[in-house]
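# A closer look at the structure
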Amino acid sequence: MASYLQIPDDEKGHDLDLFCIPKHYENDLEKVIIPHGLIMDRTERLARDIVQDMGGHHIVALCVLKGGYKFFADLLDYIKALNQNSDKSVPLTVDFIRVKSYCNDKSSSVKIIGGDELSSLSGKNVLIVEDIVETGRTMQALLSMLSECNPKMVKVVSLLVKRTPRSSGYRPDYTGFEVPDAFLVGYALDYNEYFRDLSHICILNDQAKEKYRV
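Here we summarise the structure given alongside this text.

What counts and what doesn't
Residues numbered from 1 in each chain as written. Predicted model: local features only at pLDDT ≥ 70, side-chain atom pairs only at ≥ 80, totals over all residues. Heavy atoms only, no water. Core = buried A, V, L, I, M, F, W, Y, C linked by side-chain atoms within 4.5 Å. Buried < 20%, exposed > 50% of the residue type's maximum accessible area, 1.4 Å probe, protein only. Helix = DSSP H or I, 4+ residues; strand = E, 2+ residues; numbered from the N terminus. Contact = heavy atoms within 4.5 Å. Phe/Tyr/Trp six-rings, centres within 6.5 Å; stacked < 30°, edge-to-face > 60°.

It is worth spelling out the nonpolar core at this point. In this structure, Ile34, Leu75, Val157, Leu160 and Ile201 are the most contacted members of the largest nonpolar core, which totals 33 residues. Breaking this core down by element, the ones donating at least two residues are strand E2 (29-34), helix H1 (36-54), strand E3 (59-65), helix H2 (69-85), strand E6 (125-133), strand E7 (153-162), strand E8 (174-179) and strand E10 (201-204). Looking at which element gives the most residues to this core, the answer is H1, with seven residues. Setting aside its immediate chain neighbours within four residues, leucine 160 contacts Ile34, Asp131, Ile132, Val133, Phe177, Val179, Leu184, Leu189 and Ile201.

Given below as structure tokens:
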């Protein structure tokens, strides 16, 4: 059973004035819902759990871009520190993919952009690193595609899982936080490419949705 830190629906969050927020975003955010320090502490624990479970196996860490890059880099830094300072270690290689999802009410399909050919993952232990799982359908479609390549093992770690009635019921193997069904930005989560340069995870306000709408 995967464990996670749950952010409740009625979470009051934290005033923006208590944190260093880029001036160009000060009027775009409702509140800080997960401060950067808490993200880092939770990521460190996820790294420990992964090393405990997968230590001794060569792992291909597969980063799902673009939103996953910050979590991916920090997670691997913690795994590297554990490799250097504990009895168990995880030999790592890395690769990067972008996933475009095409969903309707009945099915989901994904198109993978970049990365090595998935066939190269045959017989490998794969750790997929994702920023957020919302409905779960895109990840389920990606896992279905990967299974055709016959990897030895596939595990998924996601920093966030959104609590939403649209969920397919899919849950990653490792989860950082379960979060409300709100529009979240920061720590590489974007809205039309904005807010990736925000350190904390925040809730976007309605005015910003209009301001940055494409």
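Picking up where we left off.
With that settled, consider the packing of aromatic side chains. Within this structure, the stated rule accounts for five aromatic pairs. Measuring from centroid to centroid gives 5.1 Å for phenylalanine 183 and tyrosine 191, while their planes differ by 85 degrees, and the two rings are edge-to-face. For phenylalanine 183, a relative accessible area of 33% translates into the label partly exposed. What makes tyrosine 191 buried here is its relative accessible area of 11%. The structure contains a cluster of three or more aromatic residues connected by ring pairs, namely Tyr25, Tyr194, Phe195 and Tyr212.

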